[in-house]
Amino acid sequence: MAKKDAVRHEHVTEGKKLLEQWGLSLARLQDQSVTVAMVQEHIGKNPAADVALAALLGNYPTPEVGPVLVAWEGQTSNKELRHEIRRSLYKLSQKGLTTKRAEPAPAIFAPLEPEGYLSPIDGRGDRLLWLVKAKAGGGLHYLSAVVNEPEGLRYFDFAEINRKKLRQMRQDFATRMQMVLVEAPWRYCDAVMYEGYERAKAKEDKETDAYLAFRTHLLTAPAQPVEVPLPASLETVAIGADETLLQTSAPLLQEPELQLWMLDHERAHHYTDKISQVQESPLILNRLQQQDRLQTVIDSAIIEVFAGEPGMAYARRLEETAFYLAATDREEAAKRALAVSLALKRSTQGGKGIPFCEELIRQSIALHYHEEKQHEQEESRGSLIMRPSEFAARVQAARGQRRGVR
């Protein structure tokens, strides 16, 4: 105690020196050349001075001092100062000036809000979302859903689990499936799930009917539309105006989550078939003509795949991917993903002129074309039937040989 008193005395002494410099003293309060309001103006200027001011007011027993000290006590977290204020309030009470403190408001225990978790979007447009909420009596309500962009709700599950199980599930996804689920605002996860349910319902998908019943275990209020929760560092106006981000967007395909965004075989086959027709056509006379026709096929793919509703679906996928990349500490990649999303939203030619989109189409077509040709070669080795293009090639070769003999 002696040590505490010594520290207090030191602070009061230091503070008194400041009060003297400011012209504040008990004598000046008593002769009313200084008012309590004038004293209040100096509160907060210096910690030691505050302690001295609290002690000064305790020695000036007037009705207006008590409310000032009580209000001050409620505003400060400084233990030494609060102690000095209470000492002064006690002095005032000894003089018959008791000031009532406001009764503390009863504690209101608001229910814990849900937690949201989000996976990256895959090449088909699917992502996994979780909603988790503490339940009465312990444990967690867990609602999981796979929602496609743009098709809607594909799958959902509900269970009661504990916190340990939740951690294990996240760890399993990260290690076994190489998929990290990041924390995301629960309102956004709820909005995506509910929107997916509405889309599935519009297609009369009866398997999704139970979703609403499971949702009521966590939430009763209707879901509200929520924008993609981009962090403040991803400022859309600045990123949309930065052409460098857009022009350097092709390397986004090197990010692990986007490496599987290639077109599926069914979608790519439409274009690989056209390329095969160009290469096998006897009407194309030279290599330059052939290259021109091939580029026309690729350009049409770049426009068609990213135009209209499919283009808007890609724009939303990329916007959400920007959130995911930022949440996993890849700020520059996140900016590029958002730049592509914004460019698609304002484009009138699909993915034309957007390096990310153009590169995705080129890689997709090249990948599927190579696989198809490899498959055809394997089939031809075991077949006695010769395709027309193979027959024409052999005839041309035979003619060349005959010319050489002559």
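Just above sits the structure.
Described below are features of the structure shown in this document. Only a predicted model underlies this, so the values are computations on that prediction, with no experimental measurement involved.

### So, the nonpolar core
Among the nonpolar cores identified, the biggest contains 44 residues, and Val340, Leu344, Phe356 and Ile361 are the most heavily contacted of them. For this core, the element with the most residues is helix α15 (residues 331-346), which contributes nine residues. In this structure valine 340 touches Leu246, Ser249, Leu252, Leu318, Ile354, Phe356 and Cys357, once residues within four positions along its chain are discounted. Counting 24 residues, the second-largest nonpolar core is a separate cluster that includes Leu153, Tyr211, Leu219 and Tyr324.

### Looking at the sheet that holds strand β1 (residues 115-118)
Strand order in the open sheet formed by five strands is β4-β3-β2-β1-β5, with antiparallel pairing between adjacent strands. If you trace the sheet from one side to the other, it starts and ends with β4 (152-161) and β5 (182-184), each paired once. Averaged over all pairs of adjacent strands, the angle between their axes in this sheet comes to 25°, without regard to strand direction. Where β1 and strand β2 (residues 126-134) come together, four bridges link them in antiparallel fashion. The partner of glycine 116 across the bridge, within β2, is leucine 131. Where helix α7 (residues 163-176) meets the sheet, it contacts β1, β2, β3 (140-148), β4 and β5, and its direction lies at approximately 165° from that of β2. In the packing of helix α14 (residues 308-327) onto the sheet, the strands contacted are β1, β2 and β5, and the crossing angle to β5 comes to about 115°.

### Here's the deal with the packing of α14 against α15
The contact between α14 and α15 brings their axes to 8 Å, and the two run at 160°. Classified by the angle their axes make, α14 and α15 are roughly antiparallel. The two elements α14 and α15 meet at a crossing, and its hand is left-handed. Across the interface between the two elements, Gly311, Met312, Tyr314, Ala315, Leu318, Glu319, Ala322, Leu325 and Ala326 of α14 pack against Glu331, Ala333, Ala334, Ala337, Leu338, Val340, Ser341, Leu344 and Lys345 of α15. Tallied by class, residues from the contact of α14 with α15 come to 13 nonpolar, two polar and three charged.

Definitions and cut-offs
- Residues numbered from 1 in each chain as written.
- Predicted model: local features only at pLDDT ≥ 70, side-chain atom pairs only at ≥ 80, totals over all residues.
- Heavy atoms only, no water.
- Core = buried A, V, L, I, M, F, W, Y, C linked by side-chain atoms within 4.5 Å.
- Buried < 20%, exposed > 50% of the residue type's maximum accessible area, 1.4 Å probe, protein only.
- Helix = DSSP H or I, 4+ residues; strand = E, 2+ residues; numbered from the N terminus.
- Contact = heavy atoms within 4.5 Å.
- Pairing = 2+ DSSP bridges.
- Axes fitted to C-alpha atoms, helices over the stretch in contact; angles between N-to-C directions.
- Parallel < 35°, antiparallel > 145°, perpendicular 65-115°, else oblique.
- Left-handed = near helix turned anticlockwise from the far one by under 90°.
- Nonpolar A, V, L, I, M, F, W, Y, C, P; charged D, E, K, R; others polar.

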